[in-house]
Amino acid sequence: MPDTEWAPRVAAELCQRLRAEPSLRLCLPTGDTPSPMYARLAQMLEEGRASLADATVVLLDEYLGLAPDDPARCDARLRRELLDMVPVPPRAFSVRVDELAPAAAAAAHAQVAAAGLDLVLLGLGANGHVGLNEPGSTTTSPTRVVELAPASRSAAVSRYGSAVAPTAGITLGMDQLLAAGEIWLLVTGPAKARVLRRALLDPMSADCPASFLRGHARLRVIADTAAASELPPRPSAGRRLRK
Ligand code: PGA
């Protein structure tokens, strides 16, 4: 779909989903991809088009070793871009990296997700990661402490403004993401065209963990025109892929 329509359309669809299912258990990512969508969603929620009041939000991933006020911190970013902007905030679970040792924080987050996720929104890393499931991750990779790929370390500094390059993080695992009721993979911009083609058209492989999402019965890939530019033409720009 055209780049300018992407954010309002995804936000509107999320509102529709929340109206149908107010107590939705939602897993949300941070990053540059969802930012404009969260801005529109916050506006729509302010206008009363839906509410997050009865929903539960589970954060997708978090860096280790960053101060709570570091601009790249995923929890702070989600609060800044969405949770603090809505009239009635949802029950929200961040990754408890400041209170618990890393392995315990990962175990606690796994437990939160184990209560079930109705809808998981994901961005797509240029190296094929989803969450912080870096290349090498498989369909059974659990929620865990992970070492970050070099591209993810440098992105935290160069794109998200982190004061120091994080070397590790905690991510919901591929196993828990694939167990969700539905997945929306959000992809925008020309820099994601090549990796989106790999994720959707190359053989499923740990080299590109996002490719495993094709094994999910209810995967929606929501790409803008630029990100979809290396895919073969399809009748509709909003893509709904099933395995
Ligand atoms: P981005 O990151 O949305 O900032 O491009 C996506 C990701 O790396 O998962």
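Coordinates for the structure precede this section.
Below you will find a few notes about this structure. Worth saying up front: this structure is predicted, and the values here are computed from it rather than measured.

A separate point is the overall build of the protein. Scanning the protein from terminus to terminus reveals 7 helices and 9 strands. For 243 residues, the compact-globule estimate of 2.2 N^0.38 gives 18 Å, and the C-alpha radius of gyration of the protein, at 17 Å, lies within 12% of that figure. If you line up the protein on its principal axes, its C-alpha atoms span 50 × 40 × 35 Å. Counting over 243 residues, the protein shows a buried share of 55%.

On to the nonpolar core, then. Among soluble globular proteins, nonpolar side chains are generally buried collectively. Ranked by internal contacts, the top residues of the largest apolar core, which has 47 residues, are Leu26, Met37, Leu82 and Leu121. Element by element, the count of residues in this core is highest for helix H1 (residues 3-20), at 7 residues. Leu82 has contacts with Leu28, Tyr38, Leu41, Ala42 and Leu52, leaving out every residue within four places of it along the chain. Formed by 31 residues, the second largest nonpolar core is a distinct cluster that contains Val120, Leu124, Val130 and Leu219.

Taken in spatial order, the 6 strands line up as S4-S2-S1-S5-S8-S9 in an open sheet, and their pairing is parallel. In this open sheet, the two strands that pair with only one neighbour each are strand S4 (91-93) and strand S9 (219-223). The sheet shows a mean angle of 20° between the axes of neighbouring strands, direction not considered. When strand S2 (residues 56-59) meets S4, the two strands line up parallel, connected through 3 bridges. Note that in S4 the partner of Thr56 across the bridge is Arg91.

Bringing the pattern of salt bridges into the picture now. As enumerated under the stated definition, the model contains 15 salt bridges in all. Across the pair Arg17 and Glu21 runs a salt bridge, and its minimum N-O distance is 3.3 Å.

As a further point, take H1. If you check H1, its first and last C-alpha atoms are 27 Å apart, about what 18 residues at 1.5 Å a residue would give, namely 26 Å. Within H1, burial applies to Trp6, Ala7, Val10, Ala11, Leu14, Cys15, Arg17 and Leu18. For H1, the angular spread of the buried residues around the axis is 165°, confining them to a single face. Exposed and oriented more than 90 degrees from the buried face of H1 are Thr4 and Ala20.

Let us now look at helix H2 (residues 35-46). Its 12 residues give H2 an end-to-end C-alpha distance of 17 Å, which sits within 8% of 16 Å, the value for a rise of 1.5 Å per residue. Listing the buried residues of H2 in full gives Ser35, Met37, Tyr38, Leu41, Ala42, Met44 and Leu45. The inward-facing, buried residues of H2 abut H1, strand S1 (25-28), helix H3 (74-81), strand S5 (119-122) and strand S8 (182-187).

Rules and cut-offs
Residues numbered from 1 in each chain as written. Predicted model: local features only at pLDDT ≥ 70, side-chain atom pairs only at ≥ 80, totals over all residues. Heavy atoms only, no water. Helix = DSSP H or I, 4+ residues; strand = E, 2+ residues; numbered from the N terminus. Rg over C-alpha atoms; globule rule 2.2 N^0.38 Å. Buried < 20%, exposed > 50% of the residue type's maximum accessible area, 1.4 Å probe, protein only. Core = buried A, V, L, I, M, F, W, Y, C linked by side-chain atoms within 4.5 Å. Contact = heavy atoms within 4.5 Å. Pairing = 2+ DSSP bridges. Axes fitted to C-alpha atoms, helices over the stretch in contact; angles between N-to-C directions. Salt bridge = Lys/Arg side-chain N within 4 Å of Asp/Glu carboxyl O. Expected span 1.5 Å × (residues − 1). Arc of directions from axis to C-beta.

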